[in-house]
Amino acid sequence: MINIDELKFDEKGLIPAIVQDFTSGKVLTVAYMNRDSLKMTVEKGLTVFYSRSRQKLWLKGETSGNYQHVVSIATDCDKDALLIKVNKDGPACHTGSDGCFDNGVLVDNGNEPFSLEGLKKLIEGRKIDKKEGSYTTYLFEKGLDKILKKVGEECTEVIIGAKGGSKEETIFEIADLTYHILVLMTEMGIEIDEIKTELAKRHVVDKKVKQETMK
């Protein structure tokens, strides 16, 4: 670990901070920090940035409630940039978007990585814009009882696969269950972040983890 004196701030005393969602790995935003905001970030466990336009420190979420809880802070090989991994309470962008990098410039759909968030958006699209022949649309048309029945059936299939000792079959059935859970969540208006938040409440973190004091 390094201390703050080893970091390379620019001529204005600032260092860029890339903020990344700890769970999904999604890059949320890029902001700037000075020595004081970095020290406050470490002390509070919440991201505190330096606003270049207002020329003052600002605690992310202070007015919106969308705090970013710091999991880790790392620097690059040149020590002139920071990577901050966080668990967030809400949207990271001031526009209300999940992150600040949602406007595509160049997108190769053939190489777009899979994510549960992406799958859920696709499922949500099938509920709003019904597509003929779509199994997902069929589930929404049949309603909650049908969706719950499928969730129950898939739970049973997971148990059978695991009881049989087949890892491959269990993975296959868990994937089926996950899909149907996402359909249920969409039907009930539940977001993935709400599940993450609930899990985070149950996650016990050792508050006595030793940290090197940043000077």
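Structure: above.
Remember, predicted model here, so these are calculated numbers, not experimental data. Residue indices begin from 1 for each chain and proceed along its sequence in written order. Only residues with pLDDT of 70 or above have their local features reported here, since the model is predicted, and side-chain atom pairs are shown and tallied only from 80 upward, although totals for entire chains, interfaces and linings are computed over all residues. Side-chain calculation: all heavy atoms of the structure are included, whereas hydrogens and water are not.

Here the focus is the pairing of strand 6 (residues 82-88). Exposure categories follow from relative accessible area, calculated using a 1.4 Å probe and restricted to protein chains: below 20% of the type maximum is buried, above 50% is exposed, and the middle band is partly exposed. Starting at the N terminus, helices and strands are each numbered in turn, a helix being any DSSP run of H or I of at least four residues and a strand any DSSP run of E of at least two. Along strand 6, the buried face is formed by Leu82, Ile84, Val86 and Lys88; none of Leu83, Lys85 and Asn87, which line the opposite face, is buried. Sheet topology note: the strand 1 (residues 15-21)/strand 6 ladder contains five bridges and is parallel. Residue pairing across strands places Val19 opposite Ile84, the latter belonging to strand 6. Strands were regarded as paired on the criterion that DSSP finds at least two bridges between them. Relative to strand 6, strand 5 (residues 68-75) runs antiparallel, the two being bridged by seven bridges. By the bridge assignment for strand 6, Ala74 is matched with Leu83. What sits between strand 5 and strand 6 in their antiparallel hairpin is a turn of six residues, with Lys79 showing a positive phi close to 60°.

The subject of this paragraph is the pattern of salt bridges. When a carboxyl oxygen of Asp or Glu is within 4 Å of a side-chain nitrogen of Lys or Arg, the pair counts as a salt bridge. Using the criterion set out here, one finds 13 salt bridges in the structure. Among the ionic pairs, Lys150 bridges to Glu153, the shortest N-O distance being 3.1 Å. Here Glu153 and Lys150 lie together in helix 4 (residues 144-163), a separation of three residues that amounts to about one turn. Lys150 gets classed as buried once you look at its relative accessible area, which sits at 16%. Take Glu153: its relative accessible area is 32%, and that puts it in the partly exposed class. For Asp193, the salt bridge goes to Lys196, with nearest N and O atoms at 3.9 Å. Here Asp193 pairs with Lys196, and both are found in helix 6 (residues 192-202), just three residues apart, close to one helical turn.

Okay, the side chain of Thr47 next. With respect to the element layout, Thr47 can be found in the loop between helix 1 (35-44) and strand 3 (48-51). Pairing of N or O atoms within 3.5 Å defines a polar contact, subject to two protein rules: one partner must be a possible hydrogen donor and the other a possible acceptor, and residues neighboring in sequence count only if both atoms are side-chain atoms. A polar contact of 2.9 Å, which involves the side chain of Thr47, links it to the side chain of Gln68. Here, two residues are considered to be in contact whenever any of their heavy atoms come within 4.5 Å of each other. Contact partners of Thr47, with chain neighbours within four places excluded, come to Thr41, Trp58, Leu59, Lys60, Gln68, Val70, Ile84 and Val86.

Each pair of aromatic rings taken from Phe, Tyr and Trp, with Trp reduced to its six-membered ring, is defined by centres within 6.5 Å and is described as stacked if the planes are under 30 degrees apart, edge-to-face if over 60, and tilted in the remaining cases. Taken as a whole and assessed by the stated rule, the structure comprises three aromatic pairs. Aromatic rings pair up to connect Tyr135, Tyr138 and Tyr179 into one cluster.

The span you would expect from a helix comes to 1.5 Å times its residue count less one. End to end, helix 4 covers 29 Å across 20 residues, agreeing with the expected 28 Å (1.5 Å per residue, within 8%). When we look at burial in helix 4, the residues that qualify are Ile147, Lys150, Val151, Glu154, Val158 and Gly161. Each buried residue of helix 4 lies within a common arc of 105° when the element is viewed along its axis, so the set occupies one face. Exposed and oriented more than 90 degrees from the buried face of helix 4 are Asp145, Lys149, Ile159 and Lys163. In this fold, the buried residues of helix 4 make contact with helix 3 (135-142) and helix 5 (167-188). Just past helix 4, the residue Gly165 takes up positive phi, approximately 80°. In this description, the arc belongs to the directions extending from the helix axis to the C-beta atoms.

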